[in-house]
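So you can see what is in the structure, the chains are spelled out below.
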Amino acid sequence: MTNKGSDSHLAGNNLPFIEELYAQYLDDPKSVDPSWVPVFKQYFNGDGRLNNGPSFTPRGLFTPAVINGGGGSTFGASGPSEAEWALEVNRTPLATPGKSSKFAGKVQGLIDNYRLLGHLVAQIDPLARERSHNPPELDPQHYGIKESDMDTPVRTKELFGSQEVPLRQVMNRLKDLYSGPIAVEYASLPSAEEREWLREQIEQNDYASIETNEERVQIYRDLVKATAFEDFLHTKYVGAKRFGASGGESLIPLLSSLLNEAGGLGVRDCIIGMAHRGRLNVLHNIMGKPAEAMLSEFEKTPDPEKYMGSSDVKYHMGYSSDFETTSGNSVHLSLTFNPSHLEFVNPVVLGRARAKQDRRGESRSSVLPLVMHGDAAFAGQGVVAESLNLAEVEGFSVAGTVHLVINNQIGFTAVPRESRSTTYSTDIAKILEVPIFHVNGDDPEACVRVAKLAMRWRQKFKRDVVIDLVCYRRYGHNEGDEPRFTQPIMYSKIDAMTKVHEKYAKKLVDAGVLEADQAQGIFQKRIDEYSAVYEEIHQAPQRAEVSSLSGVWTRYEGGAVDAGQSPKTNLPLDELKALGQKLAEVPDSVNVHRTIQRFLKQRDEMATGERPIDWAMAEALALGSLLKEGTSVRISGQDAIRATFSQRHAGITDGKTGEVYWPLKHLSDDQAKFEVYNSILSECGVLGFEYGYSLDYPDALVIWEAQFGDFANGAQVIIDQFISSGEDKWKRLSGLVMLLPHGYEGQGPEHSSARLERFLQSSAEDNWFVCNLTTPGQYFHALRRQIHQGVRKPLIVMSPKSLLRLREATSTLEELADQTFQAVIPDTRPEIVPDQVKRISLCSGKVYYDLIKYAEEQQYTETAIIRVEQLYPLDFEGLKRAMEPYKNAEEVLWVQEEPKNMGPWNHILSNWLDEFGTERCPRYVGRAPSASPATGHREAHLLEQQKLVVEAFGEVWQNGNGK
């Protein structure tokens, strides 16, 4: 990141300090750290005058310069690096009247170290336990500063303006700012502009000062809301799980202040993700979910049959509402539904935010992602790092996310030393080089000050920021858990803790802001309100139904689908030809690689009908036609622009300039937006992001492509907890497309199988479409169907590898112009005479071409080969029609490449028995059961493949031959 301040470290207010240090060096070379000597020699001549030294822009990471006063250099033997100098840019000089410049250097070193290391001794733990770090650099004696020096007058504009104050007062101010209830880590920010801005906010504005008593009273009211809700539930629903915010009640005034600040700074939408801790409190006191609905969820369900096999627990549910801010602007809040799998909602929130930003077409900063984490989960879950890594990547950035860690200082039962290897649970966020604030949860004013500053940072710099709300958990992991089994000492402290609203009430009463009876009355009124609601709903619970299919979703539906029906997906032949030729055009000014020139020439030949349509061209035609119809298209994945198998070439790179030309962006003046991005090397984070994007952009075609389908299981939690079950649990629809390269070609156990069986095992209630296609035409229609059908379901495609270039696996333009999607493709070979067929082989995907090739080689005409293109939902009527002509067939086979315990076999057998009983029940032909998907030896693979092919025609495999 480029330094946005002065590009010379000898510029601005920094210069007098350096000159003073140099003068000290001339008087006594031993009085200055030796690491400065090379700098002095480079930038000063012998008589003390400044040379015209070079300038530079700081880059990369750095360790801020610290004057150790003889205590050892932090710069290393070669002196300070360019980046270390960066901290000194625009430094306001320190003046110490009546003292030497050597003393000034020592004081400056102490100040710098408080900014850098003060967080290590900050009073951020409400339980007031001893911190494990005590850096000597924070002790004045480390610099030779004596107690008698503490009353020395100094002037430091950063802390006290032009006022001259005793050094002791400077020290106290530093402790208040950097080692009090707020700690901040910001010195490693690579941008001088960012560091200077934050330092100014911290030192001149007390982070973000609280100006009025009205604001203090509102903080108290928010604390009362949080506490009264928890106390009432704990009294009326003893032992019921709620994963409450007790011990972390400052969460509510913190969030309230953050959102009020956001509204005043231009935020109009806030997408929230959070785990279960404090979620019900946020739903009620921030999102505004009525007390009647909240309490009803703790009552017995009057009609449990209604929820059999569906729905989710109350602390996983989402909600949306409008938050009216103190600025008068409304912020629409949307709390994302999520499972118990901690942190996996993070990329989903980011994807949703990106989609809303794209839909708005305004500054991305108008949509705020707010993600709340648990301390153990933030440090422990790998998806956190994957999600953070998306922050500033093209195609995935969201103009900054506010991260709020609800730090109970314990996991389920595990203490921090068992949960992480770092000082803070937030240390993983340092990969982004953004500010990290740690704040004592028992100081609600400090929480509010941090919240406001964090929001200002995000809106100004469009980058992430982290708030570590250090609190505690008054009860166990859930309210029925006993934490004293494992943390008796910690909980002896917690048992003695006064509730934060009571502490704050006393502070306000002592300050004359509130009367004691006023404070108590505010609390009691809230309890009385809950009591009245309880009396009402205890007899007749008022559950709030999940709101769905509103807003952008009003045109779409979920529920049951007709497996055999397809909307109109074909296009006129002339339109296809014209589109295909457009896709083959690249301006003469682009220097195209000779292989890509051949690729474009072949594409043109496909457009004119001289060459059959391959898979890449079918995809380009499907996407191009949708773009021209007004449907936006977004594709991401590792190497998605070129594609793993070098078939897509969505971007044509100029060989001389490196500029990229995008044919799909140049179809017409009024086409929709086309985006394709190479993603970070992540499955879980990126798939979660694209799923989230699809939730808020139902009218776009959103595609995630795996490098190999085998790697998709790196995102298994996203697949299982969101994509496959989101409609059933939360009534949330998605039209996401997953392209998973799949097929047995001798490439070993990690490059053969997308684990088709896992998708089929999770198939129920028409939750998605699972396809294993055999022709480019089918792929074309499947992609267009995804947009033109009224339902929105995820589409899982076992996409091709070797078939991409197999001459037989092609389509004609007429198949795109005259047909629609076929869930089942009958055997239409002219040599197949129905009355003579003795055997029906059902199959799906690539193995079809192995069967056809062998049948042609052996001139077999007694086996009909029927393709099941859509494995879920199965088109039983289409299957019946395809099998109907073969009344004399003696057996039905299911043929697959995958081992018997994998692939579609168990899915096909189970559904067959449910639909047809034992009538014409298929027999299995394929690989033997295996713990691993495929062999790593190509020769063994070929033998296995040959064996299953010959057995599909009724032959017996013997010694490598079919008999």
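Every chain's residues receive numbers from 1 upward, in the order its sequence appears when written. Selection of residues for local features in this predicted model requires a pLDDT of at least 70, selection of side-chain atom pairs for listing and counting requires 80 or more, and totals for whole chains, interfaces and linings are taken over all residues. The side-chain figures draw on all heavy atoms in the structure; neither hydrogens nor water molecules are used.

What follows is about the overall build of the chain. Scanning the chain from N- to C-terminus turns up 32 helices and 27 strands. The globule rule is 2.2 Å times the number of residues to the power 0.38, and the radius of gyration it is compared with is taken over C-alpha atoms. Radius of gyration (C-alpha) of the chain: 33 Å, near the 30 Å computed for a compact globule of 963 residues. Across its three principal axes, the chain shows a C-alpha extent of roughly 110 × 80 × 55 Å. Residue burial in the chain is summarised as follows: out of 963 residues, 59% are buried. Across the chain, every contact between residues at least 6 apart in sequence was considered, and the portion connecting residues at least 24 apart equals 79%. Only the protein chains shown count as cover for residues, and all accessible areas are computed by the Shrake-Rupley method using a 1.4 Å probe. Surface summary for the chain: the accessible area is close to 38000 Å², and the carbon and sulfur share equals 47%. If the 104 positive side-chain charges of the chain are averaged to one point and the 131 negative ones to another, these points end up 2 Å apart. Strands are runs of DSSP state E lasting at least two residues, helices are runs of H or I lasting at least four, and both sets are numbered from the N terminus onward. For each residue, the accessible area found with a 1.4 Å probe, counting protein chains only, is set against the maximum for its type, and the residue is called buried under 20%, exposed over 50%, and partly exposed in between. Only heavy atoms enter the contact rule, under which two residues are in contact if any of them lie within 4.5 Å. All tallies of charge rest on Lys and Arg as positive and Asp and Glu as negative; His and the ends of each chain are not included. To locate a charge, the coordinates of NZ of Lys, CZ of Arg, CG of Asp or CD of Glu are taken.

Here we take up unusual backbone geometry. Note the cis peptide between Tyr 872 and Pro 873, where omega equals -10 degrees. Along the chain, Pro 873 turns up in the loop between strand E23 (870-872) and helix H30 (876-883). You will see that Asp 206, though not glycine, has its phi angle at about 50 degrees, which is positive. Among the structural elements, Asp 206 can be located in the loop between helix H7 (192-205) and helix H8 (213-236). The partly exposed category is assigned to Asp 206, whose relative accessible area is 28%.

The subject of this paragraph is the sheet that holds strand E20 (residues 824-825). By definition, two strands form a pair when at least two bridges between them are found by DSSP. In spatial order, the strands read E20-E22-E21-E24-E25; together these 5 strands make up an open sheet with mixed pairing. Every other strand in the sheet has two partners, leaving E20 and strand E25 (923-927) as the edge strands with one partner each. In this structure, strand E21 (residues 839-843) lies alongside strand E22 (residues 863-868), joined through 5 bridges in parallel fashion. Its bridge partner being in E22, Ile 840 is matched across the sheet by Ala 864. Where H30 meets the sheet, its contacts fall on E20, E21, E22 and strand E24 (891-899), and the angle it forms with E22 comes to roughly 165 degrees. Angles run from 0 to 180 degrees between N-to-C directions of axes, and those axes are lines fitted to C-alpha atoms, restricted for helices to the stretch in contact. Running over the sheet, helix H31 (residues 905-916) touches E21, E24 and E25 and is turned about 150 degrees from E24.

The quantity known as pLDDT measures the predictor's confidence residue by residue, on a range of 0 to 100. The share of residues in the chain with pLDDT of 70 or more is 90%, and the mean pLDDT across the chain is 90. Scored below 50 in pLDDT, residues 1-14 shows 46 contacts in the model against residues more than four places distant or in partner chains. The low-confidence segment residues 52-93, where pLDDT is below 50, has 115 contacts with residues more than four positions distant or belonging to other chains.

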